[in-house]
Amino acid sequence: MSKEPACKPVIIKVDIERPEKDKIRIAAEVIRNGGLVAFPTETVYGLGADAINPEAVASIFRAKNRPVDNPIIVHVADKEEVYKLTEDIPVMAEELMDFFWPGPLTLILKKSEIVPYVATGGLDTVAIRMPYHRISLDLISESGVPIAAPSANTAGKPSPTNAKHVIYDLGAKVDIVLDGGPTIIGVESTVLDMTYPTPKILRPGVITSEELMEFLGSIDMAEIEMKNETPTSPGMKHKHYAPNSDMIVVEGGDFKIIVRKVQELAYEHMNKGKKVGIMATSESPEYDADIVTIAGSRADLNTIARNLFEILRGFDDQRVDIILVEGVEKKGIGLAIMDRLERAASHRVIRV
Ligand code: AMP
Ligand code: MG
């Protein structure tokens, strides 16, 4: 990565098993004073501020250049906090918290008065989750306030899965970056709207629709559609995860046919003098292209989820003109992977 920020934020390396108390204390003080702290969660890095301080939350939007109607997830370290931040918690939501928290499940609930509208994009609902990452939990507890934190990237860009990505995108716009190494999961939390009679998945994630279906009996799926004028989740209409290069996702039921199409597209673009990057899997044959990066194994989609955003950023660093991606089956975490890939490609998807 070549771009250096004008002025560097304070970068503090933190032990992910046993976060050093003095380091967490410094970051917590910044949060309490209305500053911005980027920190690792199990999903991606978050850009955190005191969720009940409207000015602090507003500064998150400015730093990310995030559209003001795209609400932010509020992170808590203790279930008791949820009672202060919300009203009318459905029994089902309590059960989900008890079972899936701490973990990558975000619940949309009716907000209480203390949650500023700037955090919810003007909505009467609030998104809440309790991460399981030790650094996140310690930072929230030590701060003594809930922490509003979207992904710590420039809006529209691939989410950050290590501290380098955060510094590259946000540089001096953040006060402190807690560097806890690469994140564990690599795609953002599942967002589940509990304000409907039947809970609705607004964003697929590592807590899968299958798991939620088993737990709840029935769930709805929001239209995962960027062009929708009035999407259920404001974030859905905005450009997301996009690398600078063009991108095409090839999806279908037969892996061999996917591979054939990816290679055909690679030749087509190379013949036009384009620099082609392919995001392949360990099961792929050897492709002929300028850059081929293995994302992980089709037999363990978690590996692909973990590497996805880092690879998209890597292609930008290498200045490829076009990124070609093998799609995966939309099952389990595959649904979240395909959601991110299709949006990153601005829905340029070829079905074979
Ligand atoms: P991020 O913080 O970047 O991981 O994105 C959070 C996602 O949750 C976005 O897609 C938001 O639109 C969605 N979200 C947050 N709060 C709400 C809410 N109150 N209602 C619906 N969607 C929400
Ligand atoms: Mg984001």
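Treat the numbers as computed from the prediction; the structure is a model and nothing was measured.

**Topic: the overall build of the protein chain**
- The helix and strand inventory of the protein chain stands at 11 helices and 17 strands.
- In terms of C-alpha radius of gyration, the protein chain reaches 20 Å, essentially the compact-globule figure of 20 Å for 352 residues.
- Summarising its shape, the C-alpha atoms of the protein chain cover approximately 60 × 50 × 40 Å along the three principal directions.
- By the burial criterion, 58% of the 352 residues in the protein chain qualify as buried.
- Of the roughly 15000 Å² of accessible surface on the protein chain, 49% is carried by carbon and sulfur atoms.

**Considerations on the packing of helix H4 (residues 91-100) against helix H8 (residues 209-216)**
- It is the contact of H4 with H8, at a shortest axis distance of 11 Å, that shows an interaxial angle of 125°. On the basis of their axis angle, the class for H4 and H8 is oblique. The chirality of how H4 crosses H8 is right-handed. Each of Met92, Glu95, Leu96, Phe99 and Phe100 in H4 lies in contact with H8, whose residues at this interface are Glu211, Leu212, Phe215 and Leu216.
- Of the residues assigned to the contact of H4 with H8, the class counts are seven nonpolar, no polar and two charged.

**Comments concerning the environment of valine 262**
- Mapped onto the secondary structure, valine 262 falls in helix H9 (residues 255-271).
- For valine 262, a relative accessible area of 0% puts it in the buried group.
- Along the primary structure valine 262 and isoleucine 278 are separated by 16 residues, whereas in three dimensions their C-alpha atoms are 8.0 Å apart.
- Beyond its immediate chain neighbours, meaning those up to four positions away, valine 262 contacts Val250, Ile278, Tyr287, Leu324, Val325 and Glu326.

**Examining a negative patch on the surface**
- On the surface, Asp246, Glu286, Asp288, Asp290 and Asp321 cluster together to form a negatively charged patch.
- Looking at the secondary structure, you find aspartate 246 in strand E13 (residues 246-251).
- Among the residues examined, aspartate 246 registers a relative accessible area of 45% and is labelled partly exposed.

**Focus on empty space enclosed by the protein**
- Tallying each qualifying case throughout the model produces two cavities of 30 Å³ or more.
- What the largest cavity holds in volume is close to 40 Å³.
- Along the walls of the largest cavity sit Met279, Ala280, Thr281, Ala295, Ile304, Glu326, Val328, Ile337 and Leu341, which together make up its complete lining.
- At the level of secondary structure, the elements contributing two or more residues to the lining of the largest cavity comprise strand E14 (276-280) and helix H11 (333-344).
- Partitioning the lining of the largest cavity into residue classes produces seven nonpolar, one polar and one charged.
- Volume-wise, the second largest cavity comes out at about 30 Å³.
- For the second largest cavity, the full set of lining residues is Ile201, Pro204, Gly205, Ile207, Thr208, Ser209, Met221, Gly332 and Leu335.
- The residue inventory of the lining of the second largest cavity, partitioned by class, reads five nonpolar, four polar and no charged.

**Remarks on the sheet that holds E13**
- Strand order in the open sheet made by the five strands is E15-E14-E16-E13-E17, with parallel pairing throughout. Looking at which strands have only one partner, the edges of the open sheet turn out to be strand E15 (291-294) and strand E17 (349-351). Put simply, the sheet's adjacent strands are angled 20° from each other on average, direction ignored.
- Where E13 meets strand E16 (residues 322-326), five bridges bridge the pair, whose relative direction is parallel. Paired with isoleucine 248 across the two strands is leucine 324, which belongs to E16.
- Along the sheet, helix H10 (residues 301-317) contacts E13, E14, E15 and E16; its crossing angle with E14, the most-contacted strand, is approximately 175°.

**Considering the packing of H10 against H11**
- Across the interface, H10 lies against H11 with an axial gap of 9 Å and an inter-helix angle of 20°. By the angle between their axes, H10 is roughly parallel relative to H11. Remark: the crossing between H10 and H11 carries left-handed chirality. The segment H10 lies against H11, with Leu301, Asn302, Ile304, Ala305, Leu308, Phe309 and Leu312 engaging Ile333, Gly334, Ile337, Arg340, Leu341 and Ala344.
- Looking at the contact of H10 with H11, its residues break down into 10 nonpolar, two polar and one charged.

**Side note on the environment of valine 250**
- By the secondary structure assignment, valine 250 is in strand E13.
- Valine 250 sits in the buried class, given a relative accessible area of 0%.
- Not counting chain neighbours up to four residues away, the residues in contact with valine 250 comprise Ile258, Lys261, Val262, Leu265, Val325, Glu326, Gly327, Ile350 and Val352.

The rules behind each value
- Residues numbered from 1 in each chain as written.
- Chains lettered and ligands numbered in written order.
- Predicted model: local features only at pLDDT ≥ 70, side-chain atom pairs only at ≥ 80, totals over all residues.
- Heavy atoms only, no water.
- Helix = DSSP H or I, 4+ residues; strand = E, 2+ residues; numbered from the N terminus.
- Rg over C-alpha atoms; globule rule 2.2 N^0.38 Å.
- Buried < 20%, exposed > 50% of the residue type's maximum accessible area, 1.4 Å probe, protein only.
- Areas by Shrake-Rupley, 256 points an atom, 1.4 Å probe, with all protein chains shown as cover.
- Axes fitted to C-alpha atoms, helices over the stretch in contact; angles between N-to-C directions.
- Parallel < 35°, antiparallel > 145°, perpendicular 65-115°, else oblique.
- Left-handed = near helix turned anticlockwise from the far one by under 90°.
- Contact = heavy atoms within 4.5 Å.
- Nonpolar A, V, L, I, M, F, W, Y, C, P; charged D, E, K, R; others polar.
- Patch = residues over 30% accessible without salt bridge, like charges linked within 9 Å, V, L, I, M, F, W, Y side chains within 5 Å.
- Salt bridge = Lys/Arg side-chain N within 4 Å of Asp/Glu carboxyl O.
- Lys, Arg positive; Asp, Glu negative; His and termini not counted.
- Charge placed at Lys NZ, Arg CZ, Asp CG, Glu CD.
- 1 Å grid on protein atoms, 1.4 Å probe; cavity = no way out; pocket = protein on both sides within 12 Å on 5 of 7 lines; lining within 4 Å.
- Points joined across faces, edges and corners; volume = space filled by probe spheres on them.
- Pairing = 2+ DSSP bridges.

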